[in-house]
2 protein chains.
Amino acid sequence: MRKIFLFMDTIFNKVDAKGRVSLPADYRAIAKELSTEIVCYRSLSAPCIEGCLEDSLDKLATEIENATDFFSETQDNLTNLIFGDAKRFAFDSTGRIMLTEKLLKHAGITDTAVFVGKGRKFQIWNPQNWEKEEARIRAEVMKNRPTLKAQKEQE
Amino acid sequence: MRKIFLFMDTIFNKVDAKGRVSLPADYRAIAKELSTEIVCYRSLSAPCIEGCLEDSLDKLATEIENATDFFSETQDNLTNLIFGDAKRFAFDSTGRIMLTEKLLKHAGITDTAVFVGKGRKFQIWNPQNWEKEEARIRAEVMKNRPTLKAQKEQE
DNA sequence: TGGTATAACATGGTATTTTATGGGATTCAA
DNA sequence: TTGAATCCCATAAAATACCATGTTATACCA
């Protein structure tokens, strides 16, 4: 059994006419080894699909149960949005999932999907949008170097 | 079980046509003993590849998880950049990893890779670039001797 | 201490497996 | 029964495991 579970790397995969996409092999391996499933929903902050393990959402649900006070009303609304939007995606024997129209539309994905690892989560982007987003982030991080350094030194 | 794990030394290894490089034996030993894997990504500060143990990134992911709530956008950029770029590299029975085009290009590596130990991390350089970088660093450190001590203590 | 045997390592080449992806066939539900 | 979703098969490319060899470093012994 593996110790560490991180969604990483940036992978470009084709979306075929039926809407099928190969989930990157590494991502599959994680879901398989944890005997959990992949869940996807529309990102609240960007024009992309966001995904994580069902475990993560379960953890979120438990946190809400145990510490209701801790969550502000707005955050509570957000959880409604997430759980209302989230959907499990089982992959078939060849490792593909079928994204829904709603998700694909939100991310503007047509024939190619970009999987971007985020550690405990990942995102799925339209290639052009991701290219722009990556450039934007990189520029911003470079501008705020001191912050980055402080964060990295926490390691 | 070993007490101390540090990436050290400077090792020159060949990169073959497929992008395969022998990971220095000492580095392999560390990953093996810790039962973790090597992760590499493009350095944010220099034209080189940076590597560390998957443990380090996992720690970072956990910190982010704990420090922010599920929907936080503050760390969003950073996680996209770090985890989106990072990739696991398992070495085969002969101790080689296969670096990607993206990484090799960022570091300008063609046929030889220089592994430079950095303690908890290491870097992989193009030989010429490393030569220049080492000279630069050496000159700078000699010039700023008093500062060096203060900087080291911050870490 | 010097010399030799042994083991470890880097590295080239080849074989095998995995992965992504296209194209049906089959099942299911409206 | 028609459209959509799921499953199964096939294939090409890419990643990975395996084998072989020369070289270097290490251990061992006189």
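Starting afresh in each chain, residues are numbered from 1 along the sequence in its written order. Whichever chain is written first is A, and whichever ligand is written first is 1; the rest continue in order. Whole-chain, interface and lining totals are the exception, using all residues; otherwise, since this is a predicted model, local features are given only for residues with pLDDT of at least 70 and side-chain atom pairs are given and counted only at 80 or more. Hydrogens and water are ignored here; the side-chain numbers use all heavy atoms of the structure.

1. Quick notes on the interface of chain A and chain B
Across the boundary between the two partners, chain A contributes 41 residues, which contact 37 residues of chain B. Simply put, the buried area is the total loss of 1.4 Å probe accessible area from both parts when two parts are fitted together. Roughly 3600 Å² is buried in total at the junction of chain A and chain B, and carbon and sulfur atoms are behind 53% of that figure. Whenever a carboxyl oxygen of Asp or Glu lies within 4 Å of a side-chain nitrogen of Lys or Arg, that contact is scored as a salt bridge. On the surface where chain A and chain B come into contact, there are six salt bridges. The partner of Asp55 of chain B in a salt bridge is Lys3 of chain A, and the shortest N-O contact between them spans 3.6 Å. Polar contacts, as used here, are pairs of N or O atoms within 3.5 Å; protein pairs need one atom able to donate a hydrogen and one able to accept it. Residues neighboring in sequence count only if both atoms are side-chain atoms. Taken together, chain A and chain B are joined by 14 residue pairs in polar contact (both at pLDDT 80 or more). By definition, any uninterrupted DSSP run of H or I lasting at least four residues is a helix, any uninterrupted run of E lasting at least two residues is a strand, and each is numbered from the N terminus. Counting only elements with at least two residues in the side of chain A that touches chain B, the list comes to helix H2 (54-66), helix H3 (73-85), strand E7 (112-117), strand E8 (121-125), helix H5 (127-143) and helix H6 (145-153) of chain A. Any residue outside Ala, Val, Leu, Ile, Met, Phe, Trp, Tyr, Cys, Pro, Asp, Glu, Lys and Arg is labelled polar, Gly included; the first ten of those are nonpolar and the last four are charged. Split by residue class, the side of chain A that touches chain B holds 17 nonpolar, 10 polar and 14 charged. Throughout, a contact is declared for two residues whenever any of their heavy atoms are within 4.5 Å.

2. What to know about the state of the cysteines
Disulfides are covalent bonds that link the sulfur atoms of two cysteine residues. Residue and element names in this part refer to chain A. Put simply, a disulfide is two cysteine sulfurs that come within 2.5 Å. Overall, the coordinates contain zero disulfides over all chains when judged by the stated rule. Of all cysteine sulfurs, the one in Cys40 lies closest to Cys52, which takes part in no disulfide; the gap is 8.0 Å. Exposure is judged per residue with a 1.4 Å probe applied to protein chains only, and the accessible area is read against the type maximum: over 50% gives exposed, under 20% gives buried, and values in between give partly exposed. Judged by relative accessible area, Cys52 falls into the buried class, the value being 0%.

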